[in-house]
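The residues making up each chain are set out below.
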Amino acid sequence: MLVEADRSKASSAVRTELTAIFISLELSQSKWLITSLAPGNGEKMSKFTVGARDVAGLLDCFAEVQRKAEARTGTRYGFVVIQEAGLDGFWLHRRLEAEGIESYVVDPASIAVSRHARRVKTDRIDGEMLLRTLLAYMRGDPRVCAMVRAPTPQDEDRRRVSRERKALTNERIRHVNRIKGLLFSQGITGYEPLRRDRRRQLDELMTGDGRPLPAYLKAQIGRELDRIELLLEQIKVVEEIRDAMLTAAQPEATPVTNDTEQPTGGVVLRPSVPAMLIELKGIGPEIASVLWLEGLSRQFDNRRQLAAYAGLAASHWQSGKINNDQGVSKAGNPRLRTTLVQLAWLWVRHQPDSALSRWFIARVTERGPRSKKPAIIALARKLLVALWKYVTAGVVIEGAIVQAA
């Protein structure tokens, strides 16, 4: 009886709190599942299915739900829609907003699920869970999930340059390793497929037992070299596009806090973010482009949000007498996090007199060489915050060497 009373109370709360038609979308490559909760229908959730990418059918379904809600209540309600970030990207979110529909994209990993060993999962259950998450979020509970800030189409397109270069580089590494593996099986080491004279060296190679390379093996390696040369050419083209994009980045207008600094206009033009990053010794075009496009082009309210987005926020575990530090969460942008760890090592080498490098050296000296790995992760987090303050507020990193662009 107590459970039934609680359910009745929850049903009454839903009926009184609904001020819009709440809809969740479960998107797949074959069909879209629509789960709706409309005013005047109690706590009953209605489900509809349309074909994948059938936007016209989706909007028709929305209109039908709206018509029925208006017939029940005499009031015309708007829509609030939620979907998970995934394979479909943000095009549907932008299309819904263009239709005047309030739309949200949620990080699916941030939604709490059942912790049973074998939890039931279906599209219908996921749709209802999304809807309940949206209701809690709209009631003012911001921690119930993490909403994704959809990038602009321009920002989304610019990221493709650095991501394509990374994909091409990984493919080049696979071909190089394949060639070295094939030669190692014949007793040959020391061959470098990325050297300019790779073809001539291939002709001169001899197996470990003194034989020339077998004909079919040599032909296979030749085709691998053809792929590597194509990749090298494509990487060169992508790098030229990247450099042109960094050069074309516009200076940013920053509000002036001191009236004596800029008496007219109220703003001061600060160099573009890529230009400011490249001026720091140890940061080249590739690292600058990743930092800019993957992280520093976004808006953050504080350093904790910034560290969480990069996956460099601490993840603590405390329960009763158990009190452990699990390290960083790794829940953020993996490209940004990897680049920051690489930059941290470069920073210690090229900026040894900066305050951050001195902190790292003192930390490792105090705790021993085994602390070098966690210390470099901490340095990456500190460096990210320092660079964020540098490009947004002009706060110079203490002891950093700034070189001419």
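Details of the structure are given in the entry above.
Figured I'd write up the structure that's included with this text. (Residues numbered from 1 in each chain as written. Predicted model: local features only at pLDDT ≥ 70, side-chain atom pairs only at ≥ 80, totals over all residues. Heavy atoms only, no water.)

Time to look at helix H9 (residues 285-296). Taking burial as the measure, the 12 residues of H9 include 11 buried ones, the bulk of the element. Restricting attention to buried positions, one finds in H9 the residues Glu286, Ile287, Ala288, Ser289, Val290, Leu291, Trp292, Leu293, Glu294, Gly295 and Leu296. Residues of H9 that are buried sit in contact with helix H5 (153-184), helix H7 (215-248), helix H8 (273-278), helix H10 (303-309), helix H11 (334-350) and helix H13 (372-393). (Buried < 20%, exposed > 50% of the residue type's maximum accessible area, 1.4 Å probe, protein only. Helix = DSSP H or I, 4+ residues; strand = E, 2+ residues; numbered from the N terminus. Contact = heavy atoms within 4.5 Å.)

With that out of the way, let us pick up the pattern of salt bridges. Proximity of charged atoms lets side chains of opposite charge pair with each other. Summed over all chains, the structure comprises 26 salt bridges. Arg200 is paired through a salt bridge with Asp197; the nearest N and O atoms lie 2.8 Å apart. A residue is classified by how much of its surface remains accessible, and Asp197, at 19% relative accessible area, is buried. Where Arg200 meets Glu204, a salt bridge forms, and the shortest distance between an N and an O atom there is 3.1 Å. With a gap of four residues between them, Arg200 and Glu204 both fall in helix H6 (residues 198-204), about one helical turn apart. Judged by its relative accessible area of 45%, Arg200 falls in the partly exposed class. One continuous salt-bridge network, built from bridges that share partners, spans Arg165, Glu239, Arg242, Asp243 and Glu286. (Salt bridge = Lys/Arg side-chain N within 4 Å of Asp/Glu carboxyl O.)

On to the packing of aromatic side chains. On inspection of all chains with the given rule, the structure shows five aromatic pairs. An angle of 40° between the planes, with centres 6.1 Å apart, marks the rings of Trp32 and Trp91 as tilted. Of this pair, Trp32 sits in strand S2 (residues 31-37) while Trp91 sits in helix H3 (residues 91-98), placing them 59 residues apart in sequence. Trp32 gets classed as buried once you look at its relative accessible area, which sits at 0%. A relative accessible area of 35% means that Trp91 is categorised as partly exposed. The interplanar angle of 25° and the centroid separation of 5.2 Å between the aromatic rings of Phe62 and Phe79 together place this pair among those described as stacked. Taken as a pair, Phe62 in helix H2 (residues 55-73) and Phe79 in strand S4 (residues 79-84) lie far apart in primary sequence, 17 residues in all. Phe79 shares its class with Phe62; the two are buried. (Phe/Tyr/Trp six-rings, centres within 6.5 Å; stacked < 30°, edge-to-face > 60°.)

In this section: the layout of surface pockets. Each pocket or cavity is described by its volume, and for the largest pocket that value is around 1,400 Å³. Lining the largest pocket are 36 residues, and of these Asp107, Ala146, Met147, Val148 and Tyr309 lie nearest its centre. Breaking the lining of the largest pocket down by element, the ones donating at least two residues are H5, H10 and H11. Counted by class, the lining of the largest pocket contains 20 nonpolar, six polar and 10 charged residues. (1 Å grid on protein atoms, 1.4 Å probe; cavity = no way out; pocket = protein on both sides within 12 Å on 5 of 7 lines; lining within 4 Å. Points joined across faces, edges and corners; volume = space filled by probe spheres on them. Nonpolar A, V, L, I, M, F, W, Y, C, P; charged D, E, K, R; others polar.)

Mapped onto the fold, Gln83 is located in strand S4. Sequence spacing of Gln83 and Ser24 is 59 residues, and the spatial spacing of their C-alpha atoms is 5.9 Å.

This brings us to the pairing of strand S5 (residues 102-106). Burial runs high along S5: four of the five residues are buried. Note: S4 against S5, five bridges, orientation parallel. Across the sheet, residue Glu84 finds its bridge partner in S5, namely Val106. Tracing the backbone out of S4, into H3 and back to the parallel element S5 gives a crossover that is right-handed. (Pairing = 2+ DSSP bridges. Right-handed = clockwise from strand over helix to strand, strands pointing away.)

For any two helices packed against each other, the geometry comes down to the angle between their axes and how far apart the axes lie. With their axes 10 Å apart at the nearest point, H7 and H9 run at an angle of 60° to one another. When the axis of H7 is compared with that of H9, the two are oblique. The crossing of H7 and H9 is left-handed. Contacts between H7 and H9 involve Arg242, Asp243, Met245 and Leu246 on the former and, on the latter, Pro285, Glu286, Ser289, Trp292 and Leu293. (Axes fitted to C-alpha atoms, helices over the stretch in contact; angles between N-to-C directions. Parallel < 35°, antiparallel > 145°, perpendicular 65-115°, else oblique. Left-handed = near helix turned anticlockwise from the far one by under 90°.)

This part takes up H13. Every α-helical turn comprises 3.6 residues, leaving residues that sit three or four positions apart pointing alike. In this model H13 runs 31 Å from its N-terminal to its C-terminal C-alpha over 22 residues, within 8% of the 32 Å that 1.5 Å per residue would give. Phi turns positive one or two residues past the end of H13, at Gly394, with a value near 75°. (Expected span 1.5 Å × (residues − 1).)

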